[in-house]
Amino acid sequence: MLAELAAARADEMDADTVNRELSIARKAIGWWQRQGWIEGDPTIGIERRPAPPDRTKALAENQIAALWRLDVALREKTCWKMLYESAARADEVLCLNVEALHPGDKRGRIHWQSGTAQLLPRLIAGRARGPLFLTGRKAPAGTPTLDVCPETGRARLSYRRAEEIFEENTRLLANPLASPEDIEDLDGWTLHRLRHSALTHDAEGGTSTPMLLARSRHASVRSLERYARPGVDAVARHVAERDPAARRHR
């Protein structure tokens with residue numbers, strides 16, 4: 001039954017999600033075995049799924065600038081700005097709580113910059129605790145206490161909903177030649193592209209490998225390789241700097 005469930009999940013979800021869920025299940029099973037509740041391991045024979053290569057491309061600087069010009073709610077502005085400035089994973093940002101922030105130092109469990117710092121006070125609006133990013137409605141019954149703001153009663157914004165909002169709002173940016181009438185048939189950007197773009201732009205700007213590792217919270221240099229591919233803007237600047245004629249005209 002577990003093998004069938006894993007196969008069904010593999011048809012619906014990406015390999016990273018399926019592998020993460022399998023790892024969680026195996027940790028739980030190991031604990032149940034130590035408690036003497038079960039003897040066997042029902043995950044034996046279920047193999048991790050091979051993850052496809054990451055072909056994500058960094059957004060160009062003009063695309064990032066266009067993103068900041070979008071007319072969206074304060075919550076989205078703050079979330080997107082924090083994702084880019086911190087180079088954090090989306091789930092790290094969405095799991096932040098107000099009481100764990102240190103706005104004066106521009107940090108919580110992650111570090112951000114002045115753009116986020118300017119938006120945070122308005123988003124927090126005097127709240128002293130609870131999830132930083134909230135839904136617009138009261139939390140439904142049964143929502144875990146940790147995911148409910150004790151001051152407003154609203155629930156923590158989910159990754160799924162945050163991803164949907166970002167994708168919907170970036171469809172025309174991702175397809176600049178498309179007509180607004182076709183927006184329902186277009187695909188926008190993913191939240192992961194903000195993290196990818198931030199780390200790529202850091203690498204293009206000469207940020208050291210130790211600092212990139214600290215920013216990305218990766219354990220190995222090899223995991224940074226996907227972010228070390230220069231974008232179009234960086235290549236153009238490099239060519240211009242090496243072109244004697246271009247230097248004479250500057």
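Residues numbered from 1 in each chain as written. Predicted model: local features only at pLDDT ≥ 70, side-chain atom pairs only at ≥ 80, totals over all residues. Heavy atoms only, no water.

Things to note about the nonpolar core
To keep it simple, the criterion reads: Definition used in this section: a nonpolar core is a set of buried Ala, Val, Leu, Ile, Met, Phe, Trp, Tyr and Cys residues joined via side-chain atoms within 4.5 Å. Here the term buried applies to any residue with accessible area under 20% of the maximum for its type, exposed to any over 50%, and partly exposed to those in between, with areas from a 1.4 Å probe on protein chains only. Under the DSSP-based scheme used, a helix requires at least four consecutive residues in state H or I and a strand at least two consecutive residues in state E, with every element numbered from the N terminus. The criterion used for residue contact is that any of the two residues' heavy atoms lie within 4.5 Å.
Among the nonpolar cores identified, the biggest contains 35 residues, and Trp80, Met82, Val93, Leu132, Phe133 and Leu194 are the most heavily contacted of them. Of all elements in the fold, only helix H3 (61-68), helix H4 (74-86), helix H5 (90-94), helix H6 (114-124), helix H7 (159-169) and helix H9 (192-204) reach the threshold of two or more residues within this core. The element best represented in this core is H4, accounting for five residues. Setting aside its immediate chain neighbours within four residues, Val93 contacts Cys79, Met82, Leu83, Ser86, Ala88, Ile110 and Phe133.

Some points on the packing of H9 against helix H10 (residues 209-216)
Put simply, the test is: Here an axis means a line fitted to C-alpha atoms, over the contact stretch when the element is a helix, while the angle between two N-to-C directions is reported on a 0 to 180 degree scale. Angles below 35 degrees are treated as roughly parallel, those above 145 as roughly antiparallel, those between 65 and 115 as roughly perpendicular, and all remaining angles as oblique. In this scheme, a crossing is called left-handed if the near helix is turned counterclockwise away from the far one by less than a right angle; it is called right-handed if the turn is clockwise. Nonpolar residues are Ala, Val, Leu, Ile, Met, Phe, Trp, Tyr, Cys and Pro. Charged residues are Asp, Glu, Lys and Arg, and all others, Gly as well, are polar.
At their nearest, the axes of H9 and H10 sit 10 Å apart, and the two run at 165° to each other. Considering the angle they form, H9 stands roughly antiparallel to H10. Handedness of the crossing formed by H9 with H10: right-handed. Every residue of H10 that contacts H9 at Arg195, Ala198, Leu199, Asp202 and Ala203 is listed here: Leu212, Arg215 and Ser216. Looking at side-chain class alone, the contact of H9 with H10 contains four nonpolar, one polar and three charged residues.

Structural notes on unusual backbone geometry
Even without being glycine, Ala87 reaches a positive phi, approximately 60°. Mapped onto the fold, Ala87 is located in the loop between H4 and H5. For Ala87, a relative accessible area of 0% corresponds to the buried category. The phi torsion at Ala125 lies on the positive side, around 50°, for a residue other than glycine.

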